[in-house]
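Architecture at a glance
Below, each chain spelled out in residue letters.
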Amino acid sequence: MKIIEFDIVKGIFNFKLTELNTEFHAHPVLEVIIAYQGTFTLNTPEQEFKQLTFAIIDSNITHKLKAEDSTLQLLMIESRNSFFSGFLDRLKTPLENGVFVETNSISVSILFNQLLDFSRKNDLAMAQDERVRKCIEILNGADLSYHEMMPEIRSKVHLSESRMSHIFKAHIGISIKKFLVWCKLKKAFHLMITEKVSLVEASHESGFYDQAHLSNAFKSMFGITPSKEYNSRTLQL
């Protein structure tokens, strides 16, 4: 796997790979995948899409992917407002049951680049609700446990834990606790990419109990173990 872009500020994560075989998983980022060579299969609990050249998968949609001997580019985008969905509507690529798929390879490269360019030019990671924005800011900057962090969140948003949890899930689609795991994963892999630390070091520095804790969280979010991808990754400088 080749890491093209890993921007934790903009919330854009861009990779190239030649094979992909995940278990069912879900993550709080929108996913765009294109096959420049070969095809891939996308499964949700309800449907199977075969011989795809392009797909958009909304955040928090349970799915799995499989591709062999293909040239793929995978883009993950933190999208927490209506900008991206509005752009998809203008492109006439609306998400039905959380996905958009295409089997025609003629125009998908242009579409992929349009989505990437739009993501880079707009602040898609900004939550529309100010209280949710404050909560995310705290979560992104912390390496504490959920229970250690909640007093700070309550003091900043001036809401009870239950009320803030309800508002957060309504806007982001998952609980604060699960989003905290996502923030820790981002921090861990940012450390491995930028500082070349090991999985063990990254686990501790990002607030996981140990490497096994990080690996379990990663597999839940991405459907694969981190050691397989990390050990084979190359970086674009």
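Residues numbered from 1 in each chain as written. Predicted model: local features only at pLDDT ≥ 70, side-chain atom pairs only at ≥ 80, totals over all residues. Heavy atoms only, no water.

Helix and strand counts for the chain stand at nine helices and 11 strands. Computed over its C-alpha atoms, the radius of gyration of the chain comes to 18 Å, within 12% of the 18 Å expected for a compact globule of 237 residues. Taking the principal axes of the C-alpha coordinates as reference, the chain spans close to 55 × 40 × 35 Å. Taking all 237 residues of the chain together, 48% fall into the buried category. Counted over contacts in the chain with a minimum sequence separation of 6, partners at least 24 positions apart contribute 69%. Surface summary for the chain: the accessible area is close to 11,800 Å², and the carbon and sulfur share equals 49%. Of the charged side chains in the chain, 27 are positive and 28 negative; the average position of the first set lies 3 Å away from that of the second. (Helix = DSSP H or I, 4+ residues; strand = E, 2+ residues; numbered from the N terminus. Rg over C-alpha atoms; globule rule 2.2 N^0.38 Å. Buried < 20%, exposed > 50% of the residue type's maximum accessible area, 1.4 Å probe, protein only. Contact = heavy atoms within 4.5 Å. Areas by Shrake-Rupley, 256 points an atom, 1.4 Å probe, with all protein chains shown as cover. Lys, Arg positive; Asp, Glu negative; His and termini not counted. Charge placed at Lys NZ, Arg CZ, Asp CG, Glu CD.)

This part is about the sheet that holds strand β8 (residues 64-67). On the basis of which strands lie adjacent, the open sheet formed by four strands has the order β3-β8-β5-β6 and antiparallel pairing. At either margin of the open sheet sits one strand with a lone partner, and together these are β3 (20-21) and β6 (48-52). Both strand β5 (residues 40-43) and β8 contribute to a ladder of three bridges, which runs antiparallel. Pairing of L42 across the sheet is with L65, part of β8. (Pairing = 2+ DSSP bridges.)

Overall, the coordinates contain zero disulfides when judged by the stated rule. Cysteine C135 shares no disulfide, and the gap to the nearest cysteine sulfur, in C183, comes to 8.9 Å. Residue classification places C135 among the buried residues on the basis of a relative accessible area of 0%. Of the residues examined, C183 reaches a relative accessible area of 4% and is grouped as buried. (Disulfide = S-S within 2.5 Å.)

All right, on to the confidence of the model for the chain then. Atom-level detail of predicted coordinates should not be read off regions where pLDDT is low. Taken as a whole, the chain shows an average pLDDT of 91; of its residues, 95% reach a score of 70 or greater. Here strand β11 (residues 234-235) stands out as the element of the chain with the lowest mean pLDDT, 45, in contrast to β5, whose mean of 98 is the highest. Segment residues 232-237: pLDDT under 50, and 15 contacts once partners within four positions in sequence are set aside and those in other chains are kept. (pLDDT = per-residue confidence, 0-100.)

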